[in-house]
Amino acid sequence: MNLPTDFEALRALLDELIKAWEEHGDPRDLTQPKARRGQRINSIDIARMESVLGLSRHAYETAYSIRLLLDNGHILSAIPLIRPAYECALTSV
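Cut-off values and rules
- Residues numbered from 1 in each chain as written.
- Predicted model: local features only at pLDDT ≥ 70, side-chain atom pairs only at ≥ 80, totals over all residues.
- Heavy atoms only, no water.
- Phe/Tyr/Trp six-rings, centres within 6.5 Å; stacked < 30°, edge-to-face > 60°.
- Helix = DSSP H or I, 4+ residues; strand = E, 2+ residues; numbered from the N terminus.
- Buried < 20%, exposed > 50% of the residue type's maximum accessible area, 1.4 Å probe, protein only.
- Contact = heavy atoms within 4.5 Å.

Chemist: Run through the packing of aromatic side chains, naming residues and quoting values.
Modeler: The tally for this structure, following the rule as stated, stands at 1 aromatic pair. Here tyrosine 60 and tyrosine 64 contribute two aromatic rings whose centre-to-centre distance is 6.3 Å and whose plane-to-plane angle is 35 degrees, an arrangement assigned as tilted. One end of the pair is tyrosine 60 and the other is tyrosine 64, both in helix H2 (residues 43-71) and 4 residues apart, which spans about a single turn.

The following block contains the structure:
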């Protein structure tokens, strides 16, 4: 995977990720993973699904904030937000 190195390419990547969340980030149905398919949904499953959804939503909202800060020239304010957005995205997977 070739990561972009210039600021405009990174901004375009961020826009693409935000757009993907806006199009697909509000699930109507939560489903079991393959390993538990066909089994009853219990409270642990619900907690797991909601945790994944919450972490994903937090990553999106943080990315949106980062984009706003960068667009308004607040680069140093945006930098500390990048790590938590990345950590939430990885944890939710």
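Chemist: Tell me what's going on with the side chain of arginine 67, and back it up with residues and numbers.
Modeler: Secondary-structure assignment places arginine 67 in helix H2. Given a relative accessible area of 15%, arginine 67 falls into the buried group. When neighbours within four sequence positions are excluded, arginine 67 is seen to be in contact with Arg11, Leu14, Asp15 and Ile18.

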